[in-house]
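Residue-level listing of the chains:
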Amino acid sequence: MIRKRLLPRRSALPYLLLLPALVLELLIHLVPMVVGIVMSFKQLTQFFLRDWTAAPWTGFANYRLAVDFHAPVGRALLHSFWVTCAFTALAVGLSWLLGTTAAIMMQDTFRGRGLLRALFLLPYALPVYAAVITWSFMFQRDTGLINHLLHDQLHLVDEKPFWLLGDNSFAALVTVSVWRSWPFAFLTLTAGLQNIPRELYEAAALDGAGVRQQIRRITLPSLRPVNLVLVLVLFLWTFNDFNTPYILFGRSAPEAADLVSVHIYQSSFVTWNFGAGSAMSVLLLLFLLLVTSGYLLLTSRRRDAP
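Residues numbered from 1 in each chain as written. Predicted model: local features only at pLDDT ≥ 70, side-chain atom pairs only at ≥ 80, totals over all residues. Heavy atoms only, no water.

Undergrad: Hey, could you run me through the side chain of Ser177 in this one?
TA: Along the polypeptide, Ser177 turns up in helix α8 (residues 168-193). Discounting chain neighbours no more than four positions away, the residues touching Ser177 are Phe87, Ala91, Ser95 and Thr238. (Helix = DSSP H or I, 4+ residues; strand = E, 2+ residues; numbered from the N terminus. Contact = heavy atoms within 4.5 Å.)

Undergrad: Sorry, what's going on with the nonpolar core here?
TA: One recurring pattern in soluble globular proteins: nonpolar side chains tend to sit buried together. Counting residues in each nonpolar core, the largest one holds 23 residues, and the members touching the most others are Phe87, Phe139, Phe170, Leu173, Val176, Leu248 and Phe249. Elements with a contribution of two residues or more to this core: α3 (72-105), α6 (128-138), α8 and α12 (243-249). Top contributing element to this core by residue count: α8, with six residues. Not counting the four nearest positions on each side in its chain, Phe87 is found in contact with Phe170, Leu173, Val174, Ser177, Thr238 and Leu259. Formed by 17 residues, the second largest nonpolar core is a distinct cluster that contains Phe186, Leu193, Tyr201 and Ile218. (Core = buried A, V, L, I, M, F, W, Y, C linked by side-chain atoms within 4.5 Å. Buried < 20%, exposed > 50% of the residue type's maximum accessible area, 1.4 Å probe, protein only.)

Undergrad: Explanation requested: the pattern of salt bridges in the structure shown.
TA: Between side chains of opposite charge, a pair can form as their charged atoms come close. Applying the stated criterion across every chain, the model contains three salt bridges. Note that Asp108 and Arg198 form a salt bridge whose closest N and O atoms lie 3.6 Å from each other. Taken together, the residues Asp108 in the loop between α3 and α4 (113-120) and Arg198 in helix α9 (residues 198-206) connect sequence positions 90 residues apart. Since its relative accessible area comes to 44%, Asp108 is described here as partly exposed. The class of Arg198 is partly exposed, set by a relative accessible area of 42%. Residues Asp142 and Arg141 are paired through a salt bridge, measuring 3.0 Å at the closest nitrogen-oxygen approach. Residue Arg141 is classed as partly exposed on the basis of its relative accessible area, which comes to 28%. (Salt bridge = Lys/Arg side-chain N within 4 Å of Asp/Glu carboxyl O.)

Undergrad: Would you take a moment to explain the packing of α3 against α8 for this structure?
TA: How two helices sit against one another is set out by the angle between their axes and by the gap between those axes. Where α3 contacts α8, the axes come no closer than 6 Å and their chain directions differ by 40°. By the angle between their directions, the pair α3 and α8 is classed as oblique. Seen from above, α3 lies across α8 with right-handed handedness. Along the lines of polarity and charge, the residues of the contact of α3 with α8 split into 20 nonpolar, six polar and no charged. (Axes fitted to C-alpha atoms, helices over the stretch in contact; angles between N-to-C directions. Parallel < 35°, antiparallel > 145°, perpendicular 65-115°, else oblique. Left-handed = near helix turned anticlockwise from the far one by under 90°. Nonpolar A, V, L, I, M, F, W, Y, C, P; charged D, E, K, R; others polar.)

Undergrad: Looking at this structure, how should I read the layout of surface pockets?
TA: Where empty space is left can be seen by rolling a probe of water-molecule size over the atoms. The volume enclosed by the largest pocket comes to roughly 730 Å³. Per-class residue counts for the lining of the largest pocket are 14 nonpolar, eight polar and one charged. (1 Å grid on protein atoms, 1.4 Å probe; cavity = no way out; pocket = protein on both sides within 12 Å on 5 of 7 lines; lining within 4 Å. Points joined across faces, edges and corners; volume = space filled by probe spheres on them.)

Undergrad: Sorry, what's going on with unusual backbone geometry here?
TA: Generally, phi is negative for residues other than glycine and the peptide bonds are trans, each holding for most cases. Within the chain, His155 stands out as a residue other than glycine whose phi angle is a positive 55°. Note on placement: His155 falls in the loop between α7 (145-153) and α8. A relative accessible area of 60% means that His155 is categorised as exposed. Unusually for a residue other than glycine, Trp272 sits at a positive phi of about 60°.

Have a look at this one:
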């Protein structure tokens, strides 16, 4: 009888332990998401900040405004979308390449390997604000370290360029993003390399395979499951990145570095059109869900293929 009374309590224990996490997830993510979706169907401006529920219902007017690429608002959003796509492709690709190269180089044991690993992980461990604000000082035209090195020391440029203005702002943004992201790729791939048996490399070396052939035939195929997850996580982090451009450029990013996240912020908190900003946020969410679903479907088919 005692066991029978204890069984329901034991079966309910895992759910009780998960309850705090589920409540926090509901309050922090799901409720604001639903509120944002509702706001996207309203003409919510600064006149209704005290009571946003009193804003007039506009239906899909905000969505039509956002996707009307012949109008200024739609053209600006489309331009921001393409800038974000180019930025994400470069940042993710370079982060993965640097992380893979560093992980392979750190695979063998040598003196000082632990110190190098710690130095490689330093950008990932630093707080975002401290790291990016340091880069913003380095990118200053007259007093920054970048121009001092390129112009004064190496004499690679005739004039000191503006890195936080104009077209060069895109290169500055990609540089900072890669510097912050590649240590995560390095850490993830280093963990994945630990699961590759050393006997495979020894057998390949006995068969006459060189380092390049070992990387091509053993390392990269073995890291494929890790890379599938890593690329998806880097894509989502980079495409949604708001902290880096906001800290680097402020509230108004240059046109060449106008990412979707900053563009939505400007539409919501600068022009005070929260309805249009919410509609853009929902469109961004739908796009990321579509890309993520397609990516997972494609990778699962490749994995199940004989």
